[in-house]
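# Architecture and fold: a report
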Amino acid sequence: MADKTDALKARTWNATHLPDLSGRTAVVTGANSGIGFAAADALARAGAHVVFAVRDLERGGAAAARVGGSTEVRRLDLADLASVREFAASWDGPLDLLINNAGVMMLPEQRTADGFEMQFGTNHLGHFALTNLLLPYVTSRVVTVASGAHRMGDRVIHFDDPNLTGRYTPQRAYSQSKLANLLFTLELQRRLTESGSPVRALAAHPGWAATNLQSHTANPVARVLMQVGNRFLAQDDTAGALPTLYAATQDLPGASYVGPDGLGEMRGAPTLVGRIAAASDPVAAQRLWTLSEELTGVSWGLKIAAVL
């Protein structure tokens, strides 16, 4: 039995299968905890220089100190576009991997520094602006962490009011933001292909990973249920980071979506997974891109490269 178990583990893709990333640079947003930390740790151990892009420099520094490899910590608050611009303006040199990992989940109704609904503003708009501002430097991949929650909620982007004024619920807002992550990846890849760029945009989701993200949900009953689920159903954050790492390093088509291969995509080894039709709608993806440019004031990143 032990031999069979060992053979199965050898066939299952995990962080030990990462290629040598020596000489590569990666930015991981929200790298101080959860699957962001697990991904950053694995990338650094594979030889990459990993930038922990975090809101709290003290917590980020403590996390980076636990990593065996080359790291640095820079401040980035995705809920504040001034912070996003400051981070991008300080960047210089090639960036091989941009991992758009940070996120907030099912919060009480709040607004970002720029007045956007917090989940849409952080999970989508902050990463939209960051990606386009850094795109002139990106050489290989942009991986955006989405969620199976894109299948829930209203299954649409509320283009007339993405802030969900007067109709906010934590689940509706979170689901909209995760649908936006997938539509953003779709349109980003279309633009990269059209421009002749070799960079690939992919999305990934961790399944049900036991992290501190669930502890911030607005509903106390939901928090208790998630704690139970974390204990009995979830995989740990190391396993939850595997789809991100797989999307970042394996030879996959642009716009691919990676998640766990187990029942309900809650846990398991990373593999290509499906998405709802609304997440593959090219018209909605282009419309979201236009709206995001208007809201953030940040345009298609490779136009910046052309000017430079």
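Residues numbered from 1 in each chain as written. Predicted model: local features only at pLDDT ≥ 70, side-chain atom pairs only at ≥ 80, totals over all residues. Heavy atoms only, no water.

Counted under the stated rule, the structure contains six aromatic pairs. Each residue in the set Phe128, Phe184, Trp289 and Trp300 is aromatic and connected to the rest through ring pairs, giving one cluster. In this structure, Arg66 is placed above the aromatic ring of Phe37, and the distance from its NZ or CZ to the ring centre is 4.1 Å. (Phe/Tyr/Trp six-rings, centres within 6.5 Å; stacked < 30°, edge-to-face > 60°. Lys NZ or Arg CZ within 6 Å of the ring centre and 35° of its normal.)

Bringing the nonpolar core into the picture now. Counting 48 residues, the largest nonpolar core has Val27, Phe87, Leu130, Leu134 and Leu188 as the members making the most contacts within it. Mapped by element, the contributors of at least two residues to this core are strand E2 (49-54), helix H4 (81-89), strand E4 (95-100), helix H5 (118-134), strand E5 (138-145), helix H6 (170-195), strand E6 (200-204) and helix H10 (282-296). Once you skip the residues sitting within four places of it in the chain, Phe87 turns out to touch Val27, Val51, Ala53, Arg74, Arg75, Leu76, Leu130 and Leu134. Of all hydrophobic cores here, the second largest spans 37 residues; its members include Ala26, Ile35, Ala39 and Ala64. (Core = buried A, V, L, I, M, F, W, Y, C linked by side-chain atoms within 4.5 Å. Buried < 20%, exposed > 50% of the residue type's maximum accessible area, 1.4 Å probe, protein only. Helix = DSSP H or I, 4+ residues; strand = E, 2+ residues; numbered from the N terminus. Contact = heavy atoms within 4.5 Å.)

So, about H10. Taking 1.5 Å per residue as the helical rise, H10 with its 15 residues ought to reach 21 Å, and the 21 Å between its terminal C-alpha atoms agrees with that figure. Taken residue by residue, H10 has Ala284, Ala285, Leu288, Trp289, Leu291, Ser292 and Thr296 as its buried positions. Check the buried side of H10 and you find it contacts H4, H5 and H6. The opening residue of H10 is Asp281, an N-cap whose side-chain oxygen sits 3.0 Å from the backbone nitrogen of Val283. Positive phi appears at Gly297, one or two residues downstream of H10, with a value of about 75°. (Expected span 1.5 Å × (residues − 1). Polar contact = N/O pair within 3.5 Å; in protein donor to acceptor, adjacent residues only side chain to side chain.)

What follows concerns the sheet that holds E4. With mixed pairing, the eight strands of this open sheet are ordered in space as E3-E2-E1-E4-E5-E6-E7-E8. Since the sheet does not close on itself, it has two edges, and those belong to strand E3 (70-75) and strand E8 (270-272), each with one partner. Pairs of neighbouring strands in the sheet enclose a mean axial angle of 25°, with direction left out of account. Of the strands in this sheet, strand E1 (25-29), E4 and E5 are in contact with H5, which crosses E4 at around 175°. Sitting on the sheet, helix H9 (residues 242-249) is in contact with E4, E5, E6, strand E7 (257-260) and E8, with an inclination near 155° to E5. (Pairing = 2+ DSSP bridges. Axes fitted to C-alpha atoms, helices over the stretch in contact; angles between N-to-C directions.)

Looking at where Gln119 falls in the secondary structure, it is placed in helix H5. Looking at Gln119, the relative accessible area reads 0%, which means it is buried. A distance of 3.2 Å separates a polar side-chain atom of Gln119 from the backbone oxygen of Pro170. Filtering out sequence-adjacent residues up to four positions away, Gln119 remains in contact with Val104, Met105, Met106, Leu107, His124, Tyr168, Pro170, Ala173, Tyr174 and Ser177.

Residue Met106 is not a glycine yet carries a positive backbone phi of 50°. Topologically, Met106 is positioned in the loop between E4 and H5. The class for Met106 is buried, based on a relative accessible area of 11%. A positive phi angle, close to 60°, is found at Leu164, a residue other than glycine. Within the element layout of this structure, Leu164 appears in the loop between E5 and H6.

For E1, a buried count of five out of five residues is recorded, marking the element as mostly surrounded by other parts of the structure. Every second residue of E1 is oriented toward a common face, with Thr25, Val27 and Thr29 on one face and Ala26 and Val28 on the other, all of them buried. Taken together, E1, helix H2 (residues 34-45) and E2 form a β-α-β motif whose crossover is right-handed. Strand direction decides the pairing type here: E1 and E4, joined by three bridges, are parallel. (Right-handed = clockwise from strand over helix to strand, strands pointing away.)

On average, residues of the chain carry a pLDDT of 90, and 86% of them reach 70 or more. This model gives residues 221-226 a pLDDT under 50, and the stretch forms ten contacts once residues within four places in sequence are excluded. Every residue in residues 228-232 is under pLDDT 50, and counting partners more than four places away or in other chains gives seven contacts. (pLDDT = per-residue confidence, 0-100.)

Below, the discussion takes up the packing of H5 against H10. At a minimum axis distance of 10 Å, the contact between H5 and H10 shows a crossing angle of 85°. Relative to H10, the element H5 lies roughly perpendicular. For the pair H5 and H10, the contacting residues are Phe120, His124, Leu125, Phe128, Ala129 and Asn132 in the first and Leu288, Trp289, Ser292, Glu293, Leu295 and Thr296 in the second. A per-class count over the contact of H5 with H10 returns seven nonpolar, four polar and one charged. (Parallel < 35°, antiparallel > 145°, perpendicular 65-115°, else oblique. Nonpolar A, V, L, I, M, F, W, Y, C, P; charged D, E, K, R; others polar.)

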